[in-house]
Amino acid sequence: MDEDETRSIASTLRQAMGQLGRRLRAERVSYGLSRSRLSLLNLLALNGPMTASAMAAAERLQPQSLTRMLSRLEADGLIVRSPDDKDRRQVRIEITHKGAAVLDEDTVRREAWLTKAMAERLTPTERELLRLAAGLMERLADG
């Protein structure tokens, strides 16, 4: 396969992932939360407690923007801040049970839509191809 064919496949894949991403976001119940704040909750759910600077770096956010989002999440009871056990100058941010429940509900809703769409629109062979493609996309993302 030559470079032009690979570029064409990359373009098609990027467009398709964008369309699917938009469709999955449409299934999201906002809970009054922006995508950015939901992303922060997800980051904490996946990584455990973090400092604000680590979160800003991971999400590529300016500290001022992160501070505002964290304040809203804390006011909504979705995160808690506490002093670090080892370095009392550092503050650790952790997702609460309520925050985890919001994320779980969001995930269940979007996965239910995707499961139904796949079952209704794709053959078993096509679903298997998507399973394989998902593994390949994970490899691309890790590299």
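The rules behind the values
Residues numbered from 1 in each chain as written. Predicted model: local features only at pLDDT ≥ 70, side-chain atom pairs only at ≥ 80, totals over all residues. Heavy atoms only, no water. Helix = DSSP H or I, 4+ residues; strand = E, 2+ residues; numbered from the N terminus. Rg over C-alpha atoms; globule rule 2.2 N^0.38 Å. Buried < 20%, exposed > 50% of the residue type's maximum accessible area, 1.4 Å probe, protein only. Contact = heavy atoms within 4.5 Å. Areas by Shrake-Rupley, 256 points an atom, 1.4 Å probe, with all protein chains shown as cover. Lys, Arg positive; Asp, Glu negative; His and termini not counted. Charge placed at Lys NZ, Arg CZ, Asp CG, Glu CD. Core = buried A, V, L, I, M, F, W, Y, C linked by side-chain atoms within 4.5 Å. Salt bridge = Lys/Arg side-chain N within 4 Å of Asp/Glu carboxyl O.

1. Structural notes on the overall build of the protein
Then comes step 1: A count of helices and strands for the protein gives 6 helices and 2 strands.
Then comes step 2: Element order for the protein, N to C, with α for helix and β for strand: α-α-α-α-β-β-α-α.
Then comes step 3: For 143 residues, the compact-globule estimate of 2.2 N^0.38 gives 15 Å, and the C-alpha radius of gyration of the protein, at 19 Å, exceeds that figure by more than 25%.
Then comes step 4: Summarising its shape, the C-alpha atoms of the protein cover approximately 55 × 35 × 25 Å along the three principal directions.
Then comes step 5: Expressed as a percentage of the 143 residues in the protein, the buried residues total 21%.
Then comes step 6: The contacts of the protein with a sequence gap of at least 6 include a subset with a gap of at least 24, amounting to 50%.
Then comes step 7: Accessible area of the protein: about 10300 Å², with a carbon and sulfur share of 53%.
Then comes step 8: Computing the positive centroid from 24 side-chain charges and the negative centroid from 21, the protein places the two 6 Å apart.

2. Re the nonpolar core
Then comes step 1: With 19 residues, the main nonpolar core has L41, M55, L70 and L73 as its most contacted residues.
Then comes step 2: Mapped onto this core, the elements with two or more residues apiece are α2 (35-47), α3 (52-59), α4 (63-75), β2 (91-95) and α5 (97-121).
Then comes step 3: Of the residues forming this core, the biggest block, 5 residues, is contributed by α2.
Then comes step 4: Those residues in contact with L70, other than ones at most four positions away along the chain, are L40, A52, M55, I79, R81 and I93.

3. With respect to the pattern of salt bridges
Once the charged atoms of two side chains with opposite charge are near each other, the side chains can pair.
Then comes step 1: Enumeration over the complete set of coordinates arrives at 9 salt bridges.
Then comes step 2: Salt-bridge contacts for R28 lead to D106; the nearest nitrogen and oxygen are separated by 3.0 Å. Note that R28 is positioned in the loop between α1 (3-26) and α2 and D106 in helix α5, a separation of 78 residues in sequence.
Then comes step 3: Under the relative-accessibility criterion, R28 is labelled partly exposed at 22%.
Then comes step 4: Two residues, D106 and R110, come together in a salt bridge whose shortest N-O distance is 3.0 Å. One end of the pair is D106 and the other is R110, both in helix α5 and 4 residues apart, which spans about a single turn.
Then comes step 5: Overlapping salt bridges, with partners in common, bring together E3, D4 and R7 in one network.

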